[in-house]
Amino acid sequence: MLRSKRRFKKPLILVFLINIVYVLTFCLSRSANKNVDTQQIHITTDGSDLLPQLANTDIDYARKLEHLLTNMEPPKHTTTLEKSLKELNNIAQSNLLYQDDRLTFGSLFDHILSQDSIPKAIPFQWSDWVDLSYLNHQLNKPFEQRLKCLDIIHEMNFVPSGGRARAKSDPKRIGCIDTKDLSDEEVKQLGFQDKSELPGFIQFQHTSVTTTEYVRNLQGKSYLLTHQPLPYKIMFLNDYGDDLLFDVYKGRRPETTKSKFNLVTQFEQIAPNTTFKYSPQPLIELQEKHFTYNRIILAQKWNQLRTAKEPLDLMQQSFLNSMVTTIETKPSRNPETRYFKEATLHTNFDNLDSGWHYDWRFFNGKLGDNVDRTSIIMERLLRNWFKFSEKHGMVSWIAHGPLLSWYWNGGTFPFDNDLDIQMPIEHLLKLGEFYNQTLVVEDVREGTGKFLIEVGTFVHNRQISKRGNHIDARFIDIDTGVYIDITGLSTSGASPSSNYFQNVNDDVDEGPVLEKGAAVFNDRRVHFYNLPHLSPLKLTMLNGVPCYVPNSIIQRLKFEYPNRALTKVEYKDWYFVNKLQSWIHEPSLVKALDPNDYMKSNGRVNKTKLKKLIQNLSDEEIYQILTENHQVLIDYYQSQALAQYHQREIRHLFQVDGTKHKNVNDLPQGKILDNPNAYADQEYIHLIKQGVHLKPPVRESLFEYEKVNGYRDKHNQQAFEKLDKIEVH
């Protein structure tokens, strides 16, 4: 059975008994600094709770909203599938591609349950685990009418333009080969019997030449179908016991005589239930040794693996190979090559997405303005990374953009799909040695998300990268190509730039970021840290997922984002609404407002007036916004659950000093600073222990959204209309 029904009502009723909706708006006076907005931020400086609660001007709307929230349906996750044996046989015999997580997992679980013991290895091919049915649009066409390399080249944007002519003369320059030019032996080596089973072209390696999202989708799926290596292991996360871990061998999903599948029932018959409890520690103390790495340590580990008595498995051999490759790298004669490749897209008036936040192989369409899809993907990435890393003893914490979004309301920015995680080098190397190329499957009671752990070859080189290897590892959602960037921090020979030793914002009260003479750790970009910036790590929640934040938050954010990122309530038509503790898109807000109150005579929006209106929304306007946009309602529901805790924790973590000079990243009531002694506050530790819990997902699974609810079919239909307009030569 599914985990017992998530009970939203009891905690919500309790919240409403204490505070009934919306955030009390602070009466912020205008700062002496005229660059600071008058309505900015949500940090309290006294002991009062700043919670989402009603303005108490219209109790009728309070009751309506309470009814709306307490009657929200739990997120759906369909785990059953029923197919006739004839349907299953037709799927198996067809040359067309068919993928359904319920069939893949259900057949696999049935195969496991039919054996005397859990097998060590399971069959695997990418077309069973990633939906490649996008290629059926080509496979359904006569072979000669399928798109070929020349047709694809016409859709690519070559800079300089001379690259197009060179690619036409030799498509292999862009990693493309026409299927008709493959020999019968080459077709069989790819795992197929006949050329008719393949699209008209094969993308056998990445190209950085930009193109449309529709062509890029074809390229990535063509590569997955024919050239993507198998993962080393498959790990099914089990929230109640030991995870299921399998080696893999090349092969199709197991045949089955069953026509009905219930993933949860099957999984619970296989997975051990040992009453595992997810319980991360409130604080994690880091030491300098966790960040220390040099060629001596590298050589010791290399020798240890090279002389091991037992044969190395694939993962260990890969880790050893990465050491050898790093040792052989010479900047002048044998430089690093860029490891991670993105789905670079051509930007123009119709497309502003450059594709740099998607892995090219698993790219499955832009996120665009689809906040529903983006929010689901972000929630599941965070949720499964921190569940995996906590369970397997790897330390990590949020950094950069996610840390900034956490500061605002304990959530992620709905307009951002960039997730950044940092790790000590010791734990990054552990990830590479024991979990590289592991496909992590989320607990099937929550969803069927699949995430590939990929650690780059050059993690052993800790100098600043000049070849684009700033990212050490990724946690990749293979259904979308969206990922978490993972960077390791370590000692190195790199020198911080002079601004690290200057006062932040040229403000003596802020002080410099780095302490002269102290040990310095860095990633492979240009981010440098002293140990007190990081340790101790503090447990918190991001979008309801327990995770860690570093010791120094405010100073680092002011240093990285000096232009009002901690105070500005508007970003690219998104507004932070104090009463909702949420970022809401302008189109959702203006529906509840009178255009005469915010429009200029030239038809443009007066941002100043609009911001004032937004921060003074009436109960009726709030109710209208929430009822007309389900995504906003879900975000508000989540903010209700997190706001009380986040407001309490930041009162321990931060200090506001009204006697010090204020700059654009400070509050009207004073300079905001880190509290260096928060970790020693027993009241704060007690707050963490009582308040941080892994809560159920608030959104449906990606499978539910894309497959069950039809988003994927709708998106593909639009893509096929674009592809059909490409001239076939």
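Residues numbered from 1 in each chain as written. Predicted model: local features only at pLDDT ≥ 70, side-chain atom pairs only at ≥ 80, totals over all residues. Heavy atoms only, no water.

A. Seen up close, the packing of aromatic side chains. Under the definition given, this model contains 33 aromatic pairs. Here the guanidinium or amino end of K221 rests over the ring plane of Y134, the centre of that ring lying 5.7 Å away. A cation over an aromatic ring shows up here: K391 above the ring of F276, its NZ or CZ 4.5 Å from the ring centre. (Phe/Tyr/Trp six-rings, centres within 6.5 Å; stacked < 30°, edge-to-face > 60°. Lys NZ or Arg CZ within 6 Å of the ring centre and 35° of its normal.)

B. Layout of the sheet that holds strand β21 (residues 570–571). Read from one edge to the other, the open sheet built from three strands follows the order β21-β22-β23, with strand pairing classed as antiparallel. In the strand order of this sheet, the two ends are held by β21 and β23 (582–585), each with one partner. By the bridge criterion, four bridges tie strand β22 (residues 574–577) to β23 in an arrangement that is antiparallel. Bridge assignment links W574 to a residue of β23, and that residue is H585. Where helix α20 (residues 607–614) meets the sheet, its contacts fall on β21 and β22, and the angle it forms with β22 comes to roughly 35 degrees. (Pairing = 2+ DSSP bridges. Helix = DSSP H or I, 4+ residues; strand = E, 2+ residues; numbered from the N terminus. Contact = heavy atoms within 4.5 Å. Axes fitted to C-alpha atoms, helices over the stretch in contact; angles between N-to-C directions.)

C. Spatial organisation of the packing of helix α10 (residues 213–226) against helix α25 (residues 711–723). Running from N to C, α10 and α25 point in directions that differ by 100 degrees, and their axes come no closer than 9 Å. Taken together, the axis directions place α10 and α25 in an arrangement best described as roughly perpendicular. Listed contacts from α25 to E213, Y214, V215, N217 and L218 of α10 are H715, A719, K722 and L723. The residue makeup of the contact of α10 with α25, split by class, is five nonpolar, two polar and two charged. (Parallel < 35°, antiparallel > 145°, perpendicular 65-115°, else oblique. Nonpolar A, V, L, I, M, F, W, Y, C, P; charged D, E, K, R; others polar.)

D. Layout of unusual backbone geometry. For the bond running from V159 to P160, omega is 0 degrees, close enough to zero to count as cis. Counting through the fold element by element, P160 comes out in the loop between α7 (149–153) and α8 (162–169). Located in the positive-phi region is K572, a residue other than glycine, with phi close to 50 degrees.

E. Spotlight on the side chain of N364. Here N364 shows up in the loop between α13 (314–328) and α14 (371–391). Aside from chain neighbours lying at most four places away, what touches N364 is N217, K221, R373, D479, T480, E706, R712 and H715.

F. A look at the pattern of salt bridges. Enumeration according to the criterion identifies 38 salt bridges in this entry. With a closest N to O distance of 3.3 Å, K387 and E446 form a salt bridge. Remark: E446 occurs in the loop between β13 (438–441) and β14 (450–455) and K387 occurs in helix α14; sequence separation between them is 59 residues. Residue K387 is classed as buried on the basis of its relative accessible area of 4%. On the accessibility criterion, E446 (2% relative accessible area) is buried. R462 is the partner of D472 in a salt bridge, and the nearest nitrogen-oxygen pair spans 3.1 Å. Taken together, the residues span a long stretch of sequence, with D472 in the loop between β14 and β15 (473–477) and R462 in the loop between β14 and β15 at a distance of 10 residues. Per residue, the accessibility class of D472 equals that of R462, and both read buried. Look at the salt bridges and you will find they share partners, linking D507, E510, K558, D666 and K671 into a network. (Salt bridge = Lys/Arg side-chain N within 4 Å of Asp/Glu carboxyl O. Buried < 20%, exposed > 50% of the residue type's maximum accessible area, 1.4 Å probe, protein only.)

G. Representation of the packing of helix α22 (residues 630–653) against helix α23 (residues 682–691) in the model. Put simply, α22 and α23 touch, their axes get as near as 10 Å, and they point 155 degrees apart. The angle between α22 and α23 places the two elements in the roughly antiparallel class. Once α22 is placed against α23, the crossing between them reads as left-handed. Between α22, through Y645, R648, E649, H652 and L653, and α23, the contact on the second element is made entirely by E683, Y684, L687, I688 and G691. (Left-handed = near helix turned anticlockwise from the far one by under 90°.)

H. Examining the sheet that holds strand β20 (residues 545–549) more closely. Across the sheet, three strands lie side by side as β10-β19-β20; this open sheet has antiparallel pairing. Looking at which strands have only one partner, the edges of the open sheet turn out to be β10 (283–284) and β20. The sheet contact formed by strand β19 (residues 537–542) and β20 spans five bridges and is antiparallel. Looking at β20, one finds that K538 is bridged to V549. Helix-sheet contacts for α14 involve β19 and β20, and the interaxial angle to β20 is about 70 degrees.

Shape descriptors only; they carry no functional weight alone.
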